[in-house]
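One letter stands for each residue in the lines below.
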Amino acid sequence: MTARATTLPALLPDRTGETDAEKRFREAINRLGGQLLQTLDAAIMLRTADQNAQRTRHLARNDLSDFAQKAMHAFYLAQAGTPTTDQIRRRASD
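Residues numbered from 1 in each chain as written. Predicted model: local features only at pLDDT ≥ 70, side-chain atom pairs only at ≥ 80, totals over all residues. Heavy atoms only, no water.

**Things to note about the packing of aromatic side chains**
Okay, step 1: Applying the stated rule across the entire model yields 2 aromatic pairs.
Okay, step 2: Consider the rings of Phe 75 and Tyr 76, whose centres lie 6.4 Å apart with planes at 65°: the pair is edge-to-face.
Okay, step 3: By relative accessible area, which is 28% here, Tyr 76 ends up partly exposed.
Okay, step 4: By the ring-pair criterion, three or more aromatic residues cluster together here, those being Phe 25, Phe 75 and Tyr 76. (Phe/Tyr/Trp six-rings, centres within 6.5 Å; stacked < 30°, edge-to-face > 60°. Buried < 20%, exposed > 50% of the residue type's maximum accessible area, 1.4 Å probe, protein only.)

What follows is the structure in structure tokens.
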């Protein structure tokens, strides 16, 4: 029996104007998330699994999607940098 490659929808879509670092991070999340889902699908035999297993798999995908979005948000925050105390004081006095 040979493994069949299936294309799953990306957890994170392409973003216009993303930097190379953002693109690499997004692609890594999509690739690894896809591997997790394929592993789960194979373990539960998704196509023949009962409804409860299928429903729980879809819940797991939703949780994985939430993780991916939060991971990208954390990445963007890290790229933006943490404001210095002087920057915070300047904003507060404006």
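**What to know about the packing of helix α1 (residues 20-44) against helix α2 (residues 51-80)**
Okay, step 1: Packing of α1 against α2 brings their axes to within 11 Å, and their N-to-C directions diverge by 165°. Judged by the angle between their axes, α1 and α2 are roughly antiparallel. For the crossing formed where α1 meets α2, the hand is right-handed. Taken together, the residues of α2 that come into contact with α1 (itself represented by Ala 21, Glu 22, Phe 25, Arg 26, Ile 29, Gly 33, Leu 36, Leu 37, Leu 40, Asp 41 and Ile 44) are Ala 53, Arg 57, Ala 60, Arg 61, Leu 64, Ala 68, Ala 71, Met 72, Phe 75 and Tyr 76.
Okay, step 2: For the contact of α1 with α2, the per-class residue count stands at 15 nonpolar, 1 polar and 5 charged. (Axes fitted to C-alpha atoms, helices over the stretch in contact; angles between N-to-C directions. Helix = DSSP H or I, 4+ residues; strand = E, 2+ residues; numbered from the N terminus. Parallel < 35°, antiparallel > 145°, perpendicular 65-115°, else oblique. Left-handed = near helix turned anticlockwise from the far one by under 90°. Contact = heavy atoms within 4.5 Å. Nonpolar A, V, L, I, M, F, W, Y, C, P; charged D, E, K, R; others polar.)

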